[in-house]
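Summary of structural features
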Amino acid sequence: MTNVWHGGGRRIRINEVGTRDGFQAEAVFVPTQEKIAMVNALSHSGVAKIEVTAFVSPKMIPSLRDAEAVMQGIERVPGVVYSALVPNLRGAERAIACGADELNLVMSASESHNRANLRMGREQSFDALCDVASAARQEGKSVNVSLSCTFGCPIEGDVPAREVFDLCERFAARMGADGITLCDTTGMAYPSQVVALVHGFRERWPDIRLTLHFHNTRGMGLANVLAAIDAGADNFDASLGGIGGCPYAPGATGNVCTEEVVHALALMGYDTGVDLARLIDASNRLPALIGHDTPSQIVKAGCRLDLHPLAA
């Protein structure tokens with residue numbers, strides 16, 4: 001096991017999800033050209049992947065009704081993976097037509113949450129996602145599966161690890177997923193639980209790309225990132241400004257804040273490949289787009305060594 005407190009140049013990949021997970025939770029519609037400009041800014045910040053948008057029903061998520069225009073309008077920076085969330089075969093067809101590099105499929109580890117979020121049971125979701133994965137492979141697209149409520153469900157409570165791993169086994173064996181994301185959808189994860197799940201996953205599937213997706217609802221987001229790193233994980237979703245949320249958990253907040261995670265990891269000697277100044281510049285633009293302040297403490301207080309003159 002590594003010493004988590006001393007990164008020693010270890011590379012940690014940061015995947016930006018604010019333009020999807022963040023914007024879809026906002027009451028206002030962020031104009032299409034502003035979304036494109038934000039993705040372009042993030043592309044030049046050094047993040048490894050951007051989940052640009054979601055190809056979902058405009059009636060269900062009107063804030064992302066411009067998915068085609070955004071995906072077609074962005075600049076493609078070499079080395080950056082441009083991903084899109086797709087819930088079904090129709091969404092996959094739309095994403096493929098727009099040139100998405102990766103299709104991010106989603107279902108829940110919790111039966112109740114899956115029915116609330118996707119209007120179907122887990123078995124029905126799995127069968128539908130198998131069809132999506134097959135279509136993606138035929139087009140040479142990478143497939144990632146995001147498993148919601150891995151660390152707990154706001155309706156059912158704890159989700160047994162064996163159920164999580166049973167689903168992951170099916171994603172690997174029957175769906176042929178290139179990557180799996182374990183999602184703390186409503187901020188119920190805690191560090192020792194994270195360590196156990198990451199170790200268990202890595203023991204079973206050492207060759208599948210593992211990503212962790214934490215929300216900061218109960219203030220444990222960064223602690224959970226560090227716990228996952230200590231357990232061997234090196235891919236993390238994060239949201240610019242810490243925006244986002246979940247409609248099925250009262251009080252749920254956004255994802256771990258991208259600039260906060262990058263700032264902390266840089267201080268500890270990790271290499272994220274991200275230009276923090278560019279990231280902060282992009283985050284500073286968010287309040288004008290969404291109509292309110294963001295949770296980002298880096299935006300509010302600055303970086304650790306941003307010094308201030310002594311007050312008179």
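Residues numbered from 1 in each chain as written. Predicted model: local features only at pLDDT ≥ 70, side-chain atom pairs only at ≥ 80, totals over all residues. Heavy atoms only, no water.

Here the focus is empty space enclosed by the protein. On inspection of all chains with the given rule, the structure shows two cavities of 30 Å³ or more. Of the volumes computed, that of the largest cavity is approximately 80 Å³. Lining the largest cavity are 14 residues, and of these Lys49, Glu51, Glu102, Asn104 and Asp237 sit closest to its centre. Of all the secondary structure elements, the ones that give two or more residues to the lining of the largest cavity are β1 (13–16), β2 (49–54), β4 (102–108) and β5 (142–148). Of the residues forming the lining of the largest cavity, the biggest block, three residues, is contributed by β2. (1 Å grid on protein atoms, 1.4 Å probe; cavity = no way out; pocket = protein on both sides within 12 Å on 5 of 7 lines; lining within 4 Å. Points joined across faces, edges and corners; volume = space filled by probe spheres on them. Helix = DSSP H or I, 4+ residues; strand = E, 2+ residues; numbered from the N terminus.)

A complete count under the given rule lists four aromatic pairs for this structure. Taken together, the ring pairs in this structure connect Phe165, Phe201 and Trp205 into an aromatic cluster. Above the plane of the ring of Phe29 lies Lys35, whose end atom (NZ or CZ) is 4.0 Å from the centre. (Phe/Tyr/Trp six-rings, centres within 6.5 Å; stacked < 30°, edge-to-face > 60°. Lys NZ or Arg CZ within 6 Å of the ring centre and 35° of its normal.)

Turning our attention to the pairing of strand β6 (residues 179–184). With six of its six residues buried, β6 lies for the most part within the structure. Side chains Gly179, Thr181 and Cys183 project from β6 onto one buried face, and the interleaved Ile180, Leu182 and Asp184 project onto a second face that is buried too. Relative to β6, β5 is paired through four bridges, and the arrangement is parallel. From the neighbouring strand, Ser146 faces β6, where its bridge partner is Thr181. Note: β6 against strand β7 (residues 209–214), six bridges, orientation parallel. The residue of β7 that forms the bridge with Thr181 is Thr211. Assessed by its sense of winding, the connection that carries the chain from β6 through helix α8 (residues 191–204) to β7 is right-handed. (Buried < 20%, exposed > 50% of the residue type's maximum accessible area, 1.4 Å probe, protein only. Pairing = 2+ DSSP bridges. Right-handed = clockwise from strand over helix to strand, strands pointing away.)

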